[in-house]
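Read off the chains here:
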Amino acid sequence: MATTAETHSFDLRVESVRALNALLHDPHGGAVRVCHPDGAHALAVGLNAPWEVELDGHVGYYCAGMNAQAQITVRGSAGVGLAENMMSGRVEVFGNASGAAGATAHGGLLVVHGDAAARAGISLKGAAIVVGGSVGHMSAFMAQSGTLLVCGDAGEGLGDSLYEAVIYVRGRVASLGADCVEQELDSDDLARITRLLAEAGIDGASAAEFRRYGSARELYNFHVDNAGSY
Amino acid sequence: MTALRESATFDRATIAEIQRAAREGIYEIRGFGAKRRVPHFDDLLFLGASMSRYPLEGYRERCGTGVTIGARHAREPVALDIPITIAGMSFGALSGQAKEALGRGASAVGTSTTTGDGGMTEEERAHSDTLVYQLLPSRYGMNPDDLRRADAIEIVVGQGAKPGGGGMLLGQKITDRVAAMRDLPPGVDQRSACRHPDWTGPDDLEIKILELREITDWRIPIYVKIGASRPYYDVTLAVKSGADAVVLDGMQGGTAASQSVFIEHVGIPILAAIPQAVRALADLGLHREVQLIVSGGIRTGADVAKALALGADAVSIGIGVLIALGDNAPEWEDEYVRLGSHAGSYDAWQAGRDPAGITTQDPELARRLDPLEGGRRVANYLRVLTMEAQTIARACGKSHVHNLEPEDLVALTVEAAAMARVPLAGTTWIPGLVPGA
Ligand SMILES: Cc1cc2nc3c(=O)[nH]c(=O)nc-3n(C[C@H](O)[C@H](O)[C@H](O)COP(=O)(O)O)c2cc1C
């Protein structure tokens, strides 16, 4: 984010989280640079306007939770539930993200340049998540729609009980979860991967290096013969 | 000829269930609540006033019923005229008409309704003056705009019908509208997770609650709903996490679709749960400060009064209001029989073919329920419950239903005395209570 004359500076060692969020709930939007986040929780949550927010350091749980419209950048690592239930906008983290990054996110783009821990994209509902590093176990668990793109490796149980979301992984997948299968990569996939990498600002990876994983749709309607998979 | 004798262990329902299981190879999923008898409010009686207690004059002396929920942290707590709320029931499980009727009925008597799995519909927001928005593990339809236009938030940890269990909306109830609200294709079984995706345990929940407060600018209260299993500890932890109110749902509580084995065998009766929850609040010094809303088999004004006397601030109702809307009504008997049931036994709420048009997404069936007429019936039912509770409270000499207390109650059975911690009628005996301790 370019720091312009209108960029508001906000020091969390001086002012409170409440004051920050109250400011960011102004429906007109604006630009804010937050220093000393010091791992505080619930930073920049519930934004609903074209804000540009830069958090200069590590952030705690639920940073950018339920974001709509805003562009939020974290120059550090993020705690659990980063950008959970995001509706739109863009959240970008230059460090790592803890568990459940992008949980249930409906829209927008989440970019984690480092690694994301367990359950990245759990119950994803339409957003796109791009991870420059690797993701932990049970990522995209019950993911309903949207995309999880992983440039590194994926942990155990990837895409368990997956619905319509699509997963792309460039590296190694430790194991696939129930009902998640590898699928053929077609030209639409290649275009989608290329576009997401460009949007995320990740170079050095090419679309053809990725594999696609999706739902076998065997668990979509209960059948007794599948009881072992539940 | 020897007399035919049925087994008490293998009774007809048990035999039929074994036969069904052998035939179908899948456990039974159904709606309604527990059907077995468990210790309940029927096992308690009020003593009423006499020489040592003065009653209030019926119809003349005021007996208040209002309750304020969530004043601990919220700038705009929920203020209700009656201590009887409508429980969370999802659009998807219920028709749009049913949700609208519940909203109309509740608003007419000054109480709240609650959304459910699947999000908030325009019908219920438009017709509910006070609407509680549930945050469930599935987060189906979870939308911050709806969060901001809610009057309270209810974080669902569990439900009495299935503490520890997730949800299930079978594919046949997933119409295009329900599917779109939940971001899933039509016709697919929607499994709802049993754990929240972004928190586990009370330490995380405390931060989750902080996030919700920040998103809503500390305006509205946050409830935490739990199924009754270990209420002393669960209530303690919910309050420690920052809940403004605790919703405690006993094992008899209704469900739209759960495994029968879950409905009948997991969790404890609400009668046993309330005293533990009240003790937890009292030990924290927060009884009446953090409100306790209880549910699970509340049917009558007597049940309401007994729940309040045990220390609850309000009750919540699911099955009762569906019956008020017309569920299990004799007028549909022919259709119930065709579905293999009877008026009075119908519980196939999971199947979506409800003749009364309540637990369905079929437009033809749903049209049978007129939201205006349904709303009137719900309002009537809630008024009757309120008047009944007031009648009892006045007879006990109370100027507000919240002044009812355990001292007004006795138990009819040893079990109920032990669970509710009130003496067995005609004695001073509360089993399990060490005298003088
Ligand atoms: C049709 C139906 C749908 C329900 N859906 C939900 C739900 O979405 N979320 C929830 O927390 N509880 C749900 N419940 C449980 C109720 O909120 C409530 O806990 C229960 O019905 C109370 O017990 P009662 O039915 O005996 O009054 C549902 C209950 C019914 C009957």
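Here the structure is a predicted model, which is why all the values come from computation and not from measurement.

A.B. asks: How should I be thinking about empty space enclosed by the protein in this particular structure?
C.D. replies: A water-sized probe rolled over the atoms picks out the places where empty space is left. Residues and elements named next belong to chain B. One pass over the full model with this rule turns up four cavities of 30 Å³ or more. Put simply, the largest cavity is a space of about 90 Å³. Considering the residues around the largest cavity, the lining is formed by 15 residues, among which Thr85, Thr114, Glu154, Val247 and Ser316 are closest to the centre. When the residues that make up the lining of the largest cavity are grouped by side-chain class, the tally is seven nonpolar, six polar and two charged.

A.B. asks: Which parts of the structure should I look at to understand the pattern of salt bridges?
C.D. replies: Applying the stated criterion across every chain, the model contains 47 salt bridges over all chains. Where A:Arg211 meets A:Glu182, a salt bridge forms, and the shortest distance between an N and an O atom there is 3.0 Å. Of this pair, A:Arg211 sits in strand 11 (residues 211-215) while A:Glu182 sits in strand 10 (residues 180-183); the two residues are 29 residues apart in sequence, bridging distant segments of the chain. What makes A:Arg211 partly exposed here is its relative accessible area of 43%. The exposure class of A:Glu182 is partly exposed, given its relative accessible area of 41%. Salt bridges here are not isolated pairs; linked through shared partners, they connect A:Glu84, B:Arg139, B:Asp198, B:Lys208 and B:Glu211.

A.B. asks: Is there a simple way to think about the interface of chain B and chain A in this case?
C.D. replies: Bring the parts together and some accessible area is lost; that lost area is often taken as the interface size. Counting from both sides, the interface comprises 37 residues of chain B and, opposite them, 37 residues of chain A. In this assembly, chain B packs against chain A so that about 3100 Å² is buried in total across both faces, 57% of it on carbon and sulfur atoms. At the junction of chain B with chain A, the criterion picks out four salt bridges. Put simply, B:Asp217 and A:Arg18 hold a salt bridge, and the shortest N to O gap is 2.6 Å. At the junction of chain B with chain A, the criterion picks out 15 residue pairs in polar contact (both at pLDDT 80 or more). Of all the elements in the fold, those that place two or more residues in the side of chain B that touches chain A are helix 4 (144-148), strand 10 (190-192) and helix 6 (201-215) of chain B. It is helix 6 of chain B that provides the largest number of residues to the side of chain B that touches chain A, a total of eight residues.

Definitions and cut-offs
Residues numbered from 1 in each chain as written. Chains lettered and ligands numbered in written order. Predicted model: local features only at pLDDT ≥ 70, side-chain atom pairs only at ≥ 80, totals over all residues. Heavy atoms only, no water. 1 Å grid on protein atoms, 1.4 Å probe; cavity = no way out; pocket = protein on both sides within 12 Å on 5 of 7 lines; lining within 4 Å. Points joined across faces, edges and corners; volume = space filled by probe spheres on them. Nonpolar A, V, L, I, M, F, W, Y, C, P; charged D, E, K, R; others polar. Salt bridge = Lys/Arg side-chain N within 4 Å of Asp/Glu carboxyl O. Helix = DSSP H or I, 4+ residues; strand = E, 2+ residues; numbered from the N terminus. Buried < 20%, exposed > 50% of the residue type's maximum accessible area, 1.4 Å probe, protein only. Contact = heavy atoms within 4.5 Å. Buried area = accessible area lost by both parts, 1.4 Å probe. Polar contact = N/O pair within 3.5 Å; in protein donor to acceptor, adjacent residues only side chain to side chain.

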